[in-house]
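Report on the structure
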Amino acid sequence: MKIFLDTANIASIKTFADMGVLDGVTTNPTLVAKENQDFHELVSAILKIVPGPVNLEVVSQDTEGMLREGRDLALLGPNVVVKCPMTEPGLVAVRKLGKEGLKTNVTLVFSPNQALLAAKAGATYVSPFIGRLDDAGHEGMEVVEDTLQIYRNYEIETQVLVASIRHPVHVVQAAKLGAHVATMPPDVLDKMVRHPLTDTGLKRFLDDWAKAGLKLPERRTLVAKARPYG
Ligand code: G3P
């Protein structure tokens, strides 16, 4: 499963890109607004760090506006994915942008039927919002499970990008179901890195090492003693 970061925060994107765990980025108008920065500068910086898909969302509500914005956003980089909302004009825009060779993501998906229609319109990715469904008293992950089954039944190539992830268990569930991508906020990815037993284990190793008064050999000693192989 690919891991995308759901943020427009450059420092967070850089942190996880440096670890080599980041496959792409998703943004939305809320996340971009949070950064309080010039849009063009912000996106250019993100595109410099991330070679994988970078999802940027249109803000128009009519097809013509979405097409105009989508085409402009795609000019920013070859890895830009144009996010359109799951609306009638959004589906028309996705179909047209797809025919022009652009990658698209249908966002704000809350049912398997919406996911089926997004795929029929030719979306590259479909984004079911798991956390928001959970918040509303539904089992968000069921939409992922049903969508994956439907796509498998008909050999649909649209990728399921699990969005609105709130905690690491969502990530495990998405991966077990075989979702193509999970996008998550930096705090969730950070929690995935950490485990209390890793911290206590590391502390014990270092305490034992210090107590024994050991030291790793210096490089120049190793080089001097090195013998050619063979
Ligand atoms: O990027 C879309 C989605 O992941 C938003 O998540 O936490 O605002 O429901 P959330």
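Computed from a prediction, not measured in an experiment: that's the story for all the values here. (Residues numbered from 1 in each chain as written. Predicted model: local features only at pLDDT ≥ 70, side-chain atom pairs only at ≥ 80, totals over all residues. Heavy atoms only, no water.)

**Notes on the domain arrangement of the protein chain**
Often the size quoted for an interface is simply the accessible area lost on bringing the parts together. When the domains of the protein chain are assigned, the result is domain 1 (2-193) and domain 2 (196-226). The C-alpha-based centres of domain 1 and domain 2 are spaced at 43 Å. (Domains from an automatic or database assignment.)

**Some words on the environment of Val 54**
By the element assignment, Val 54 lies in strand 3 (residues 54-57). Separated by 29 residues in the primary sequence, Val 54 and Lys 83 place their C-alpha atoms 9.8 Å from one another. With near-sequence residues (within four places) excluded, Val 54 lies in contact with Val 25, Ile 46, Leu 47, Asn 79, Val 80 and Val 81. (Helix = DSSP H or I, 4+ residues; strand = E, 2+ residues; numbered from the N terminus. Contact = heavy atoms within 4.5 Å.)

**Considering the confidence of the model for the protein chain**
Of all residues in the protein chain, 99% attain a pLDDT of 70 or more, and the chain-wide mean is 97. Least confident of the elements in the protein chain is helix 12 (residues 219-225), whose mean pLDDT is 89; most confident is strand 7 (residues 159-162), at 99. (pLDDT = per-residue confidence, 0-100.)

**So, the packing of aromatic side chains**
Evaluation of the coordinates by the stated rule reveals two aromatic pairs. Considering the side-chain rings of Phe 4 and Tyr 125, the 6.2 Å spacing of their centres and the 70 degrees angle between planes classify their relative orientation as edge-to-face. Placement of Phe 4 in strand 1 (residues 2-6) and of Tyr 125 in strand 6 (residues 125-128) is noted, with a sequence separation of 121 residues between them. Residue classification places Tyr 125 among the buried residues on the basis of a relative accessible area of 6%. Between Phe 110 and Phe 129 the ring centres are 5.6 Å apart and the planes differ by 65 degrees, which places this aromatic pair in the edge-to-face class. With Phe 110 in the loop between strand 5 (103-109) and helix 6 (112-120) and Phe 129 in the loop between strand 6 and helix 7 (130-135), this pair connects stretches of sequence that are 19 residues apart. Owing to a relative accessible area of 30%, Phe 110 belongs among the partly exposed residues under this scheme. (Phe/Tyr/Trp six-rings, centres within 6.5 Å; stacked < 30°, edge-to-face > 60°. Buried < 20%, exposed > 50% of the residue type's maximum accessible area, 1.4 Å probe, protein only.)

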